[in-house]
Amino acid sequence: MKSKQLAVIALAAMSLTACSVSSPSAGPTPDKDPFTFVFVGGITGALASITSQEIVALDTAVASINKGGGILGHKVVMETLDSKSDPTEAVSVLQKRLASGAKPNLIRAGLGSNDALALVPVASREGIASYTSSSSPLLDDTKAYPLNKGISAPFVRQVEMSRTYMEFKKYKNITVLAPQDGAGDSTIKAVQAIYADSTIKVNFARYNATDVDLTVAYQRAVESKPDVLYVNCLGAPCIRVVQARGSAVNGTDIPMFGDISMAGSAGGPAASVPPAAVKNLHVLVWDDMLKKPATQQTSEFKVFYKGLSEDGAPTSTSAPGIAYDGLEMFAKAAAYAKSTDPAKMIKAINDMKWAPGDFVSYGQASLDYNKDSAFPTLPD
């Protein structure tokens, strides 16, 4: 990364972990109904490169769970539905699936906030447990969505870290560049809340995540001459916004700060752009992204990483790790509750004591769930 001048800000490692639950070594009982797991995500579209590795990670989780006896003896069967990275399509394909077959036990509700904000209400209305990598505060409503759990850190924690960094750098004027969608709305809401009592002046600019060329959006964002540009993006738009700053006249003179979603783009934001485009680019990342997985992770991680690596060198372990962890978390919760009832699995997730090292997403730190939030409580 140094050769590409990509500066990285490392947060303390955060790990979603689960208590160890023993399971039988024999395979699932053939005559039992399967535990049906439905993945809904952008197999095609803007998020396809990330989604492909999520599916590989989930295949690994399914194989591992079934090798250990399934979920309470039920074989895990995964179905995949293509949202085409579009929330309207996501709801459409899920509703068609629900109308045409037996109710699934668990839904992976999209990769980004757009899909999640569309899918979680459908799953909750149908009484189906769901999980998502979205960290949108709009989903943190346990009364409206009692059967949903988030795996990612709440987005407000990322914004808190950004404020700490901005104040350390003594920036006075920042512009937030966010997509014109639910993810962008969540970003702006979080920034407004976290920076409410700050002396830093905050401006906002929006871009269309489906636009191929984001040069105009980038130029609008820097018209106010901010000290730094804060960018929220996911997948291909991350590369496009970095390309836009690289092609603009003096575009890299203003520092750019990308949130954790930018770090999850395939290969990182430096993978598909000229080295000059990442001058003054700073990306917020989890500490585990900077370490060698083979030496710093647990036996659980090695199972996950081996499966991911068999499909080729992974460009990031972040998104596929979250997908893997969610399925494993519900499997352990069902064992703890001795039930696959959605409400009982959710209660188990809230009640269980999650220990370091069982899950793979963020490293070694302990996280806790409770009934008042969809998201885990993170250590300081």
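Everything that follows concerns the structure shown earlier in this document.
Computed from a prediction, not measured in an experiment: that's the story for all the values here.

## Quick look at the layout of surface pockets
Empty space within the largest pocket amounts to approximately 810 Å³. Lining of the largest pocket is provided by 42 residues; of these, Leu47, Gly112, Ser113, Ala183 and Leu234 occupy positions nearest its centre. Secondary-structure elements contributing two or more residues to the lining of the largest pocket are helix 3 (113–125), helix 4 (155–168), helix 5 (182–194), helix 8 (260–263) and helix 11 (318–337). Partitioned by chemical class, the residues of the lining of the largest pocket number 19 nonpolar, 19 polar and 4 charged.

## Concerning the pairing of strand 9 (residues 228–231)
Residues Val228 and Tyr230 line one face of strand 9 and the alternating positions Leu229 and Val231 line the opposite face, and both faces are buried. The sheet contact formed by strand 7 (residues 173–179) and strand 9 spans 4 bridges and is parallel. Looking across to strand 9, one finds that Val176 is bridged to Tyr230. One ladder, built from 3 bridges, connects strand 9 with strand 10 (residues 256–258); its direction is parallel. For Tyr230, the partnering residue across the bridge sits in strand 10 and is Phe257. In this fold, strand 9 hands off to helix 7 (residues 236–247), which returns the chain to strand 10; that crossover is right-handed.

## Some thoughts on the nonpolar core
Counting residues in each nonpolar core, the largest one holds 39 residues, and the members touching the most others are Phe37, Leu58, Leu106, Tyr131, Leu327, Met329 and Phe330. Elements supplying a minimum of two residues to this core: strand 2 (35–41), helix 1 (48–67), strand 3 (76–82), strand 5 (129–132), helix 10 (299–309), helix 11 and helix 12 (342–351). Looking at this core, the element that brings in the most residues is helix 11, giving 9 residues. Beyond its immediate stretch of four places on either side in the chain, Phe37 contacts Leu58, Val76, Val77, Met78, Glu79, Leu106, Ile107, Arg108, Tyr131 and Leu327.

## Description of the state of the cysteines
Linking two cysteines covalently through their sulfur atoms gives a disulfide. Inspection of every chain in the model, using the stated rule, returns 1 disulfide. Between the sulfur atoms of Cys233 and its disulfide mate Cys238 the distance is 2.2 Å. Handedness of the Cys233-Cys238 disulfide follows from its S-S torsion of about 110°: it is right-handed. Neither residue differs from the other here; Cys233 and Cys238 are each classed as buried.

## Observations concerning the side chain of Thr252
Tracing the backbone shows Thr252 in the loop between helix 7 and strand 10. If we ignore the near neighbours within four places in the chain, the residues touching Thr252 are Arg245, Gly246, Ala276, Ala277, Lys279 and Asn280.

## Considerations on helix 12
Buried residues of helix 12: Pro342, Met345, Ile346, Ala348, Ile349 and Asn350, and no others. Tucked inside the fold, the buried residues of helix 12 contact strand 2, strand 5, strand 6 (148–150) and helix 11. Where helix 12 starts, the residue carrying a side-chain oxygen 3.2 Å from the main-chain nitrogen of Ala343 turns out to be Asp341.

## Topic: the pattern of salt bridges
Counting across every chain of the model gives 9 salt bridges. The closest approach of N and O atoms between Asp197 and Arg163, which form a salt bridge, is 2.6 Å. With Asp197 in the loop between helix 5 and strand 8 (201–207) and Arg163 in helix 4, this residue pair connects regions lying 34 residues apart in the sequence. For Asp197, a relative accessible area of 63% corresponds to the exposed category. A salt bridge links Lys371 to Asp372, with the nearest nitrogen and oxygen atoms 3.3 Å apart. The same class applies to Lys371 as to Asp372, namely exposed.

Reading guide: rules and limits
- Residues numbered from 1 in each chain as written.
- Predicted model: local features only at pLDDT ≥ 70, side-chain atom pairs only at ≥ 80, totals over all residues.
- Heavy atoms only, no water.
- 1 Å grid on protein atoms, 1.4 Å probe; cavity = no way out; pocket = protein on both sides within 12 Å on 5 of 7 lines; lining within 4 Å.
- Points joined across faces, edges and corners; volume = space filled by probe spheres on them.
- Helix = DSSP H or I, 4+ residues; strand = E, 2+ residues; numbered from the N terminus.
- Nonpolar A, V, L, I, M, F, W, Y, C, P; charged D, E, K, R; others polar.
- Buried < 20%, exposed > 50% of the residue type's maximum accessible area, 1.4 Å probe, protein only.
- Pairing = 2+ DSSP bridges.
- Right-handed = clockwise from strand over helix to strand, strands pointing away.
- Core = buried A, V, L, I, M, F, W, Y, C linked by side-chain atoms within 4.5 Å.
- Contact = heavy atoms within 4.5 Å.
- Disulfide = S-S within 2.5 Å.
- Polar contact = N/O pair within 3.5 Å; in protein donor to acceptor, adjacent residues only side chain to side chain.
- Salt bridge = Lys/Arg side-chain N within 4 Å of Asp/Glu carboxyl O.

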